[in-house]
Amino acid sequence: MVETEQDACASPEQAFERHFTMVWRSLRRLGVPQSSLDDAAQDVFLVLHRRWLDFQHQSSLKTWIYGILLRVASDHKRRARRERARWSPEPTEIESPTETPDRVLQQREASRLMHAALGQLDDKERQMLVLVDLEEGSVVDAAEALGINLNTAYSRLRRGRQSFEKALRAASASRVRTDLVEGAKEREAVNITTETNGE
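Residues numbered from 1 in each chain as written. Predicted model: local features only at pLDDT ≥ 70, side-chain atom pairs only at ≥ 80, totals over all residues. Heavy atoms only, no water.

A.B. asks: Would you mind going over the packing of helix α1 (residues 12-29) against helix α2 (residues 37-50) in detail, with residue names and values included?
C.D. replies: Taken N-terminus to C-terminus, the directions of α1 and α2 make an angle of 140°; their axes are 10 Å apart at the nearest point. Classified by the interaxial angle, the pair formed by α1 and α2 is oblique. For the pair α1 and α2, the crossing hand works out as right-handed. Taken together, the residues of α2 that come into contact with α1 (itself represented by P12, E13, A15, F16, H19, F20, V23, W24, L27 and R28) are L37, D38, A40, A41, V44, F45, L48 and H49. Classifying every residue of the contact of α1 with α2 by side-chain character gives 13 nonpolar, two polar and three charged. (Axes fitted to C-alpha atoms, helices over the stretch in contact; angles between N-to-C directions. Helix = DSSP H or I, 4+ residues; strand = E, 2+ residues; numbered from the N terminus. Parallel < 35°, antiparallel > 145°, perpendicular 65-115°, else oblique. Left-handed = near helix turned anticlockwise from the far one by under 90°. Contact = heavy atoms within 4.5 Å. Nonpolar A, V, L, I, M, F, W, Y, C, P; charged D, E, K, R; others polar.)

What follows is the structure, encoded as structure tokens:
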């Protein structure tokens, strides 16, 4: 595979500068707990730095990095399960100062729903979905990074998309039910306060 000029990096430091955001975002989407994201991202680039001279350019640099981050994500998730770490609240996204509060709230809710739906997927399906749909990689690159044949990659992607849609609908429905219950409790509290004050 020929690297594009944009993908080519002369040093691990350049690779860090160009690909850190993609690595951090992918680790999050692959289910690495918020409390471990910085460590996991650092681990990816430590492996990249240590193995820089081993990179043979048989695939793109981004594909090679995906392979590393998939293994690191798996290790961190396994460690978190072993330590029974709990997922922390959704990360605070970097917000533009020009964003309205409503827009920020919508973005946070969309992010929460997406991560809840991704969390319901099988790891193999989630990996394909993150690499192809969310990180906009090719199915060929994702198959190469995962070490699977192309037909298997397309099959996992199709199943992943179906599972994601189903999980997203369930997460949305759950959120609507929660909002209805909270609204009813608030109305009840207002009624009680009004009745108490009216006596």
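Still more ground to cover, so stick around.
A.B. asks: Now, about the environment of F45: what can you tell me, with residues and values included?
C.D. replies: As for its placement among the helices and strands, F45 is situated in helix α2. Taking the C-alpha atoms as reference, F45 lies 8.9 Å from L69; in sequence the two are 24 residues apart. If sequence neighbours within four positions are ignored, F45 has contacts with A15, F16, H19, F20 and V23.

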